[in-house]
Amino acid sequence: MNKIHCQSVHTAGGTSQGIDTSTAVGRMFFQILGAIAEFEHALMSEGTMDGLEAARARGRTGGQKPKLGPRQVQLAREMYDSGELTVQQIADEFGVTRPTFYRHLSKVASQSQEPA
């Protein structure tokens, strides 16, 4: 607010409340409105975090569902390992992009390499 004040920026009749920031009372009122807005934002943010935490406790997770199911990933892996089809052909067969195919493939590869 001091930066705005030093630059001689004043709002008088532009707002519906008629806050005149060229006066001490107007500046104080403007700062109070800003603090209330910040408080409201913090409350909404806390509520969102609490809701996400409660959803996780119920076993719910956010985000998009995987494009390929476990069986599809297994089939895609077998097709990839056979070497008969290109990655693009395999991706087209399952209706996904090459990066999506590689992402699912890397998850399977990392799971199969874990020690038992």
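Throughout, a residue's number is its position along its own chain's written sequence, starting from 1. Only residues with pLDDT of at least 70 get local features here, since the model is predicted, and only at 80 or more are side-chain atom pairs given and counted; chain-wide, interface and lining totals rely on the full set of residues. With hydrogens and water stripped out, all remaining heavy atoms of the structure feed into the side-chain values.

Student: Help me out: how do you make sense of the overall build of the protein chain in this one?
Tutor: Check the secondary structure of the protein chain and you find 5 helices and 0 strands. Its helices and strands in sequence order give the protein chain the pattern α-α-α-α-α, from N to C terminus. Burial classes: relative accessible area under 20% of the type maximum marks a residue as buried, over 50% as exposed, and values in between as partly exposed (1.4 Å probe, protein chains only). Here the protein chain, with 116 residues, has 16% of them falling under the buried criterion. Here, residues are in contact when the closest pair of their heavy atoms is within 4.5 Å. Taking all contacts inside the protein chain whose residues are at least 6 apart in sequence as the whole, residues at least 24 apart take part in 30%. Element-wise, carbon and sulfur atoms account for 55% of the exposed surface of the protein chain, whose accessible area totals about 9,300 Å². A run of DSSP states H or I qualifies as a helix once it reaches four residues; a run of E qualifies as a strand once it reaches two. Both are numbered from the N-terminal end. Note on areas: these come from Shrake-Rupley sampling with a 1.4 Å probe, and a residue is covered only by the protein chains present in the view.

Student: Honestly, the nonpolar core in this entry has me stumped. Any pointers?
Tutor: Generally speaking, nonpolar side chains in soluble globular proteins are found buried as a group. Residues belong to a common nonpolar core when they are buried Ala, Val, Leu, Ile, Met, Phe, Trp, Tyr or Cys residues joined through side-chain atoms within 4.5 Å. Counting residues in hydrophobic clusters, the biggest one holds 10 residues: L68, V73, A76, V87, I90, A91, F94, V96, F101 and L105. For this core, the secondary-structure elements that each account for two or more residues are α3 (70-82), α4 (87-94) and α5 (98-112). Counting residues per element, this core draws most heavily on α4, at 4 residues. Look past the residues within four positions of A76 in its chain and what remains in contact with it is I90, F94 and F101.

Student: I keep staring at α3 and nothing clicks. Help me out?
Tutor: Two residues of an α-helix separated by three or four positions point the same way, owing to the 3.6 residues in each turn. Here a helix's expected span is defined as the number of its residues, less one, multiplied by 1.5 Å. For α3, built from 13 residues, the straight-helix expectation of 18 Å at 1.5 Å per residue is met to within 8% by its first-to-last C-alpha distance of 18 Å. Positive phi shows up at G83, right after α3, with a value of about 80 degrees.

Student: Would you mind going over the side chain of H104 with me for this structure?
Tutor: Mapped onto the elements, H104 comes out in helix α5. Here H104 is in contact with P66, K67, L68 and V73, once residues within four sequence places are set aside.

Student: Looking at this structure, how should I read the packing of α3 against α4?
Tutor: In a packed pair of helices, the relevant descriptors are the angle between the two axes and the axis-to-axis distance. Working convention: axes come from line fits to C-alpha atoms, limited for helices to the stretch in contact. Angles between N-to-C directions cover 0 to 180 degrees. Remark: α3 packs on α4, axes separated minimally by 10 Å, with the N-to-C direction vectors making an angle of 155 degrees. With respect to α4, the axis of α3 lies roughly antiparallel. Regarding α3 and α4, the two cross each other, and that crossing is right-handed. Side by side, α3 and α4 meet where Q72, L75, A76, M79 and Y80 of the first sit next to V87, I90, E93 and F94 of the second. Classification convention: Asp, Glu, Lys, Arg as charged; Ala, Val, Leu, Ile, Met, Phe, Trp, Tyr, Cys, Pro as nonpolar; all other residues, Gly among them, as polar. Residues that form the contact of α3 with α4 fall into these classes: 7 nonpolar, 1 polar and 1 charged. Should an angle fall under 35 degrees it is called roughly parallel, over 145 degrees roughly antiparallel, and 65 to 115 degrees roughly perpendicular, with every other angle called oblique. Whether a crossing is left-handed or right-handed is set by the direction in which the near helix is turned from the far one by less than a right angle, anticlockwise for left-handed and clockwise for right-handed.

Student: Looking at this structure, how should I read the pattern of salt bridges?
Tutor: Side chains that carry opposite charge are capable of pairing whenever their charged atoms lie near each other. Salt bridges are defined as contacts in which a side-chain nitrogen from Lys or Arg sits within 4 Å of a carboxyl oxygen from Asp or Glu. Applying the stated criterion across every chain, the model contains 1 salt bridge. In this structure, D81 and R77 form a salt bridge, with 3.4 Å as the shortest nitrogen-oxygen distance. Taken together, the residues span about one helical turn, with D81 and R77 both in helix α3 at a distance of 4 residues.

Student: Could you clarify how one ought to interpret helix α2 (residues 24-57) in this entry?
Tutor: Counted at 1.5 Å a residue, the expected span for α2 with its 34 residues is 50 Å, and the 49 Å between its end C-alpha atoms agrees. G59 sits one or two residues past α2 and shows a positive phi near 90 degrees.

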